[in-house]
Amino acid sequence: MTYDQFKSSLSQTEPPQGISVILQALWYDANKDWEAAHDIAQSQEGTKAFDRLHAYLHRVEGDTWNAGYWYRRAGAEVFKGSLKEEWEFLVESLL
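What comes next is a walk through the structure. Computed from a predicted model, the values in this text were never measured in an experiment.

## Regarding the packing of helix α4 (residues 48–61) against helix α5 (residues 64–74)
- For the pair α4 and α5, the least separation of the axes is 8 Å and the interaxial angle reads 165°. Regarding the angle of α4 to α5, the classification is roughly antiparallel. Remark: the crossing between α4 and α5 carries left-handed chirality. In this structure, α4 uses Lys 48, Asp 51, Arg 52, His 54, Ala 55, Tyr 56, His 58 and Arg 59 to contact α5, whose residues at the interface are Asn 66, Ala 67, Trp 70, Tyr 71, Arg 73 and Ala 74.
- Among the residues forming the contact of α4 with α5, the class breakdown is six nonpolar, three polar and five charged.

## Notes on the pattern of salt bridges
- Taken as a whole and assessed by the stated rule, the structure comprises four salt bridges.
- Residue Glu 86 pairs with Arg 52 through a salt bridge whose shortest N-O separation is 2.7 Å. With Glu 86 in helix α6 (residues 83–94) and Arg 52 in helix α4, the pair connects residues that are 34 residues apart, well separated along the chain.
- When the shortest N-O distance is used, the salt bridge between Glu 88 and Lys 84 registers 2.7 Å. On the criterion of helical spacing, the pair formed by Glu 88 and Lys 84 is a turn pair, its members being four residues apart in helix α6.
- Linked by salt bridges that have partners in common, Arg 52, Arg 59 and Glu 86 make up one network.

The rules behind each value
Residues numbered from 1 in each chain as written. Predicted model: local features only at pLDDT ≥ 70, side-chain atom pairs only at ≥ 80, totals over all residues. Heavy atoms only, no water. Axes fitted to C-alpha atoms, helices over the stretch in contact; angles between N-to-C directions. Helix = DSSP H or I, 4+ residues; strand = E, 2+ residues; numbered from the N terminus. Parallel < 35°, antiparallel > 145°, perpendicular 65-115°, else oblique. Left-handed = near helix turned anticlockwise from the far one by under 90°. Contact = heavy atoms within 4.5 Å. Nonpolar A, V, L, I, M, F, W, Y, C, P; charged D, E, K, R; others polar. Salt bridge = Lys/Arg side-chain N within 4 Å of Asp/Glu carboxyl O.

Now the structure itself:
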């Protein structure tokens, strides 16, 4: 799946079949279902990729302290760009 195909899938009622669970979370986030995305992030706490997703989601929520905690757990730098740029970065890195 390409980035453009993933973006096009955002108009569907469900995430596309065959994508990773983390991409599903980013799909839910883009469709304003933060809770579903957060549930996925919490499902595998302690896994760097899920902790990185968790950091992004707390940044979306506006909880920068908690986001910082999850960036540290993921071993990642705090993202310096916009939320949109971080979402795009995460999606592109997972495709």
